[in-house]
Each structure stands twice: as structure tokens, then as C-alpha cells.
Amino acid sequence: MMPVVNRPSMQWSRSNLPSMNRTTSTAVTRQTIASLNRGSSTQPVGSASSSPHPAPAPRPAPAPRPAPAPQPVPAPQSVPAPQPVTSFPVPPLLHPLKKGQKTALAPAGAQPRLTIGVGWSVTDPRCDVDVSAFLLAGNSRVPGDDWFVFYGQNQSPDRSVFFHSEPAGGDRQHIDVDLSCLDPRICKIALVLTINEALEQRLNFSMIRDAYVRILSAGDHKELLSYQMTDYYSNVTSMTIGELYLHNQQWKFNPVGNGVSQDLAGQCAIYGVELC
């Protein structure tokens, strides 16, 4: 077995540690570190003698790329022309009222049979307008859900109010009212214009023109009074065009002409109709 030769013993101190780690007695300086990294040569970096390899030849310039072939320009698509909007003619309004001008329909105690004709024109063909009647008790709410007369429920439970969606007599839609057989709980009939899917399609009453209502006697269709709206706002989606109401045993008409930002469901909520 080969004996292990130990290092010569010497006293360890701060003064002799550096000499043990160094291979030479020369003091370590920036110059000696640089010479160790470069080797023994003292030529400046980048000189001709510091690199044994010749400088690489410059790369040839790349050949120019061919210009891309021109792409065919697509033909412009034709924009469909707006659909023509047919205006609905306003019939002669013989006894027009101003907004808020409340007027009696008949002498006190009389309960006439009436035809309420309604019409309008639109500037946007998406506007599908309908009239509805809310039969209200003294608390300004319907006694029940079936006291709401419209295109989906065309008569009241007492058969005093009938809705007709087909144009007749120069009006787009009309409602027949027989006050003689009206339930005694009913003291007001609110007439409301709504736009179908107004909120979903962003439709409003600034797209409506020439909206009117006229009250006719059912027997001879003579006009008793009428009202044509003058205010059409973009923040309105349903409009109370007028009201029949009972005051001191006398039926009167109030040309309201006020709107709200509600659809038909919102109007039902106002008057107490609960929808499924």
C-alpha cells in the first residue's frame, strides 16, 4: 500500500493563506487577471496578431424579393334601399281638442255607445304599433287581468269593450265601447299606444307621426271629438293617447298625450295586470 504523503505542516494564519492559494508570488492585480484570461499574449484585443483565423468574407447582399402580385379588389356590395313607409292618411278631425282639454262626451247620466278610432304613421318600417284599453277601477288599477283589452284578448269580461285590429272607417284600429253595459266598478278606460319589441329593437316614438284618436257615436259614426298628438320623443316607447273617465255621473274624455319608457309589459305593470 502506498503511503499517503501529507502536506508539509505549517502554521495557518491570515498572512500565509494568500500564498497557499496562489501559484506565484506575484501580487494579484487587474493587469495579472487580464493576462490570465488572455493567455501570455500582450497584443491588444482585435489586432491582427491576436486572432489566428482570417476575417470572414462579407456576406453577399440578398437578392431583392419579387413584388407581390396585385390582389383583385372585391366589388363593393350594394346597400339595400330602405323599405318605403306608407303614411296612413289622417281623416278629417272635425272637433279637435288640445292636449289636456277635458271635454264631456254626453250629458250627465247618458251612457252612449262609442267607437274609438285610432291611427298613426311610421318613419321606420320596424315599428309595429297597437292600441290597448285598460279598464280601471277607482284605484286606477284593473279589477283583474281580464280587464285588459288588446290584440291578444279582444273583449272585456262584461262584453262592453271590443278590440278590432283591422282598418275600418278610415282608422287603422278601433275599439267599440258600450257604456250602458259597463261594469259599475269601472270608472276609467285608458287608451295606450305601444310599439311591439320597442326595447329589444331600440324603437321609440320619434319614429311615429300623425298619431290621433277620435271618438265617434256608434250609431251614425259622427265624430264627437278628436285629438292629434304633437309631441314625439326618442325616450318614449309607449304613449297614453287618451282616457275616458267618469266624473260626477258624466263620461268625459281627456286627451293625455303623455308617454313613458316602457313596453306593453311595463304598461301592464303600471295598471296592475300580471303577465305569465
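Keep in mind that what you see is a predicted model, and the values were worked out from it rather than measured.

## Section: the overall build of the protein
A count of helices and strands for the protein gives four helices and 13 strands. Looking at the 276 residues of the protein, the share that counts as buried comes to 36%. A separation threshold of at least 6 residues defines the contact pool for the protein, and within that pool the share at least 24 residues apart is 68%. Carbon and sulfur atoms form 55% of the exposed surface of the protein, whose accessible area is close to 18100 Å².

## Things to note about the nonpolar core
Counting residues in hydrophobic clusters, the biggest one holds 54 residues, and the most contacted among them are F134, L193, I208 and F253. Those residues in contact with F134, other than ones at most four positions away along the chain, are V142, W147, F148, K188, I189, A190, V192, Q267, C268, Y271 and V273.

## Considerations on unusual backbone geometry
Phi angles above zero are rare outside glycine, and R159 is one such case at about 60°. Topologically, R159 is positioned in the loop between β5 (148-149) and β6 (161-164).

## With respect to the packing of aromatic side chains
This structure, assessed with the given rule, holds four aromatic pairs. Ring geometry for F150 versus Y151: centroids 5.0 Å apart, planes at 70°, classification edge-to-face. Taking NZ or CZ as reference, R209 lies 5.9 Å from the ring centre of Y232, over its face.

## Some points on the confidence of the model for the protein
The predicted model of the protein averages 81 in pLDDT, with 70% of residues at 70 or higher. Under a pLDDT of 50 for its full length, residues 1-30 has, in the predicted model, nine contacts with residues more than four places off or in other chains. Contacts for the low-pLDDT stretch residues 32-51, under 50 throughout, to residues beyond four places or in other chains number eight contacts.

## Overview of the side chain of D178
Note on placement: D178 falls in strand β7 (residues 173-178). Salt bridges are absent for the buried D178, whose nearest opposite-charge side chain, R113, sits at 4.1 Å. In this structure D178 touches P112, R113 and S160, once residues within four positions along its chain are discounted.

## Observations concerning the pairing of strand β4 (residues 129-136)
The element β4 is largely enclosed, with a buried count of eight among its eight residues. Side-chain alternation along β4 places V129, V131, A133 and L135 on one buried face and D130, S132, F134 and L136 on a second face that is also buried. Pairing of β4 with strand β8 (residues 188-195) involves eight bridges; the strand directions are antiparallel. Residue pairing in the sheet places V131 in a bridge with L193 of β8.

## Observations regarding the pattern of salt bridges
Across all of its chains, the model carries five salt bridges by this definition. The closest approach of N and O atoms between D231 and K99, which form a salt bridge, is 3.5 Å. Pair noted here: D231 is in the loop between β10 (223-228) and β11 (238-247) and K99 is in the loop between β1 (96-97) and β2 (103-104), with a separation of 132 residues, a long-range link. The partly exposed category is assigned to D231, whose relative accessible area is 25%.

## Thoughts on the environment of C127
Relative to the assigned elements, C127 resides in the loop between β3 (113-122) and β4. According to the relative accessible area criterion, C127 is buried, its value standing at 9%. Each C-alpha atom, one on C127 and one on N204, is 8.3 Å from the other, the two residues being 77 residues apart in sequence. Residue contacts for C127: discarding those within four places in its chain leaves V122, I195, L203, M207 and I208.

## A closer look at the side chain of N254
Relative to the assigned elements, N254 resides in strand β12 (residues 250-254). Given a relative accessible area of 11%, N254 falls into the buried group. Those residues within four positions of N254 in sequence are excluded, and the remaining contacts are G100, K102, G242, E243 and Y245.

## Details of the sheet that holds strand β9 (residues 208-217)
One open sheet accounts for six strands, arranged β1-β10-β9-β3-β7-β6; its pairing is mixed. Each edge of the sheet is formed by a strand with only one pairing partner; in this case those strands are β1 and β6. As defined by bridge partners, β3 adjoins β7 across six bridges and the pair is classed as antiparallel. Pairing of I116 across the sheet is with I175, part of β7.

## Let's talk about the environment of P157
With respect to the secondary-structure elements, P157 resides in the loop between β5 and β6. Residue class for P157 comes out partly exposed when judged on its relative accessible area of 39%. Taking the C-alpha atoms as reference points, P157 and D183, 26 residues apart in sequence, are found 8.9 Å from one another. Setting aside its immediate chain neighbours within four residues, P157 contacts D146 and W147.

Parameters and conventions
- Residues numbered from 1 in each chain as written.
- Predicted model: local features only at pLDDT ≥ 70, side-chain atom pairs only at ≥ 80, totals over all residues.
- Heavy atoms only, no water.
- Helix = DSSP H or I, 4+ residues; strand = E, 2+ residues; numbered from the N terminus.
- Buried < 20%, exposed > 50% of the residue type's maximum accessible area, 1.4 Å probe, protein only.
- Contact = heavy atoms within 4.5 Å.
- Areas by Shrake-Rupley, 256 points an atom, 1.4 Å probe, with all protein chains shown as cover.
- Core = buried A, V, L, I, M, F, W, Y, C linked by side-chain atoms within 4.5 Å.
- Phe/Tyr/Trp six-rings, centres within 6.5 Å; stacked < 30°, edge-to-face > 60°.
- Lys NZ or Arg CZ within 6 Å of the ring centre and 35° of its normal.
- pLDDT = per-residue confidence, 0-100.
- Lys, Arg positive; Asp, Glu negative; His and termini not counted.
- Salt bridge = Lys/Arg side-chain N within 4 Å of Asp/Glu carboxyl O.
- Pairing = 2+ DSSP bridges.

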